[in-house]
Amino acid sequence: MCAYIWQRCAGVVVHRMSWDSYLDNLVGQSKDAGGAAHVDKACIIGLDGGAKWTTDAHANALKLTTAEGANIARVFKSKDFAPFMASGVFVESEKYQFLREEDNKLVLAKKKGVGALTLQASKTAIVICHVPEGSQQGVANKAVAVIAEYLESMNM
């Protein structure tokens, strides 16, 4: 699932892992039998601090601010979802209403007219997707679970 990016820096070839291919996989997992994707944007952040694992350059990037990523990671790390219940979930400067949490690792949120969010934690990351208004969040939940469970299976 991972891709590597090769860069030439001062005559030396350097490589770094790119998590962006996971976004392609997630969007692909969200397609229904007719080929319609139920996820339009996604990202993966670290559970420790909320640093982005995926880049904002990807066509389907969900572009969290540093503060949004840090807040989401803090809530998931503490397993205390009261801040989401009280203040909502902020993504791309939009406030989504917290709907529910399951098993201390899955959060669902919604904003009328904008869409919904599915967030699921693995051992070291949080997979986040945006579901456009009118699409099926249940299909998106399964797509996010595929990626989060794969990361878990890799002890991540």
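Every chain's residues receive numbers from 1 upward, in the order its sequence appears when written. The predicted origin of the model limits local features to residues at a pLDDT of at least 70 and limits the giving and counting of side-chain atom pairs to 80 or more, whereas totals for whole chains, interfaces and linings rest on all residues. Note that water and hydrogens are dropped before the side-chain values are worked out from all heavy atoms of the structure.

Draft legend 1. Just the overall build of the protein, in detail. Helix and strand content of the protein: four helices and eight strands. Helix numbers and strand numbers start at the N terminus; a helix is a DSSP run of H or I with at least 4 residues, a strand a run of E with at least 2. Start at the N end of the protein and walk to the C end: the helices and strands fall as β-β-α-β-α-α-β-β-β-β-β-α. Burial classes follow relative accessibility: with a 1.4 Å probe on protein chains only, a residue under 20% of its type's maximum area counts as buried, one over 50% as exposed, and anything between as partly exposed. Among the 156 residues that make up the protein, the fraction classed as buried is 40%. The accessible surface values rely on the Shrake-Rupley method and a 1.4 Å probe; as for residues, cover is taken only from the protein chains in view. About 7900 Å² of surface is accessible on the protein, with carbon and sulfur atoms providing 53% of the total.

Draft legend 2. Expanded view of the environment of Asp-20. On the secondary structure map, Asp-20 appears in helix α1 (residues 20-29). Residue class for Asp-20 comes out buried when judged on its relative accessible area of 12%. Between the alpha carbons of Asp-20 and Asp-56 there is a distance of 9.1 Å; along the sequence they are 36 residues apart. By definition, residues are in contact when any of their heavy atoms lie within 4.5 Å. With near-sequence residues (within four places) excluded, Asp-20 lies in contact with Thr-54, Thr-55 and His-58.

Draft legend 3. Expanded view of the pairing of strand β6 (residues 106-111). Two strands make a pair as long as DSSP finds a minimum of two bridges between them. The pairing of strand β5 (residues 94-102) with β6 spans five bridges and is antiparallel. From the neighbouring strand, Glu-101 faces β6, where its bridge partner is Val-107. Taken together, β5 and the strand that follows it, β6, pair antiparallel across an intervening segment of three residues, in which Asp-103 is found at a positive phi of about 55°. Pairing of β6 with strand β7 (residues 115-121) involves six bridges; the strand directions are antiparallel. Residue pairing across strands places Lys-111 opposite Gly-115, the latter belonging to β7. The hairpin formed by β6 and β7 contains three residues between the paired strands, and Gly-113 there has a positive phi angle of roughly 85°.

Draft legend 4. Spotlight on the nonpolar core. Core analysis: the largest hydrophobic core is formed by 22 residues, its most contacted members being Ile-72, Phe-76, Phe-84, Val-89, Leu-119, Ile-126 and Ile-128. Counting only elements with at least two residues in this core, the list comes to β3 (41-46), α2 (66-78), β4 (89-91), β5, β6, β7 and β8 (125-132). Examining the composition of this core, we find that four residues originate from one element, α2, more than from any other. Discounting chain neighbours no more than four positions away, the residues touching Leu-119 are Ile-72, Phe-76, Val-89, Lys-105, Leu-106, Val-107, Ile-126, Val-127 and Ile-128. To define a nonpolar core, start from buried Ala, Val, Leu, Ile, Met, Phe, Trp, Tyr and Cys residues and group those joined through side-chain atoms within 4.5 Å. Ranked by size, the runner-up nonpolar core spans 19 residues in total, among them Trp-19, Val-39, Val-131 and Ile-147.

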